[in-house]
Amino acid sequence: FEEFKIRLPATLSSSLHLVFLISHVEASGASKRVGFAFLPLVVGSGGSLVQDGTHELSVSSSFPSAYLSEPDQLRMIDKRPSFSVATRVHSSLHS
């Protein structure tokens, strides 16, 4: 697995999210983009950070410009969640 850190802004907004580009890499080294998945970092009406844990995300074959405001426009490759990501939040500013 890969681990990375992100620096959050002091003021959180509901548009904060991570986008994952999912590719298939062949043995020859050639890669082909399969789809996209995204994880909102701010959830709920209170604007709290995403909870620690594993998140099952659906993969979309399209990436429309309004994917956050119009998630119905996403064409899902599979209706079941097919990409998982684990989060662990460590912040001295946001709880």
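A.B. asks: Quick one: what's the story with the overall build of the chain, residue by residue and with numbers?
C.D. replies: The number of helices and strands found in the chain is zero helices and six strands. Burial statistics for the chain: of 95 residues in total, 22% are counted as buried. A sequence separation of at least 24 residues applies to 50% of the contacts in the chain between residues at least 6 apart.

A.B. asks: Give a description of the pairing of strand 2 (residues 31-40) that names residues and reports values.
C.D. replies: Alignment of strand 1 (residues 17-25) against strand 2, held across nine bridges, turns out to be antiparallel. Of the residues in strand 2, the one forming a bridge with Leu18 is Leu39.

A.B. asks: Just give me the short version of the layout of surface pockets, but keep the residues and values in it.
C.D. replies: One number sums up the size of the largest pocket: a volume of about 860 Å³. Around the largest pocket, the lining comprises 24 residues; the ones closest to its centre are Phe4, Lys5, Ala86, Thr87 and Arg88. Breaking the lining of the largest pocket down by element, the ones donating at least two residues are strand 1 and strand 6 (83-87). Class assignment for the residues of the lining of the largest pocket results in 14 nonpolar, six polar and four charged.

A.B. asks: Describe the pattern of salt bridges, naming the residues involved and giving the relevant values.
C.D. replies: Throughout the structure, instances matching the rule amount to one salt bridge. Among the ionic pairs, Arg88 bridges to Glu3, the shortest N-O distance being 3.7 Å. In this pair, Arg88 is assigned in the segment after strand 6 and Glu3 in the segment before strand 1, connecting sequence segments 85 residues apart. Owing to a relative accessible area of 56%, Glu3 belongs among the exposed residues under this scheme.

Quick notes on the rules
Residues numbered from 1 in each chain as written. Predicted model: local features only at pLDDT ≥ 70, side-chain atom pairs only at ≥ 80, totals over all residues. Heavy atoms only, no water. Helix = DSSP H or I, 4+ residues; strand = E, 2+ residues; numbered from the N terminus. Buried < 20%, exposed > 50% of the residue type's maximum accessible area, 1.4 Å probe, protein only. Contact = heavy atoms within 4.5 Å. Pairing = 2+ DSSP bridges. 1 Å grid on protein atoms, 1.4 Å probe; cavity = no way out; pocket = protein on both sides within 12 Å on 5 of 7 lines; lining within 4 Å. Points joined across faces, edges and corners; volume = space filled by probe spheres on them. Nonpolar A, V, L, I, M, F, W, Y, C, P; charged D, E, K, R; others polar. Salt bridge = Lys/Arg side-chain N within 4 Å of Asp/Glu carboxyl O.

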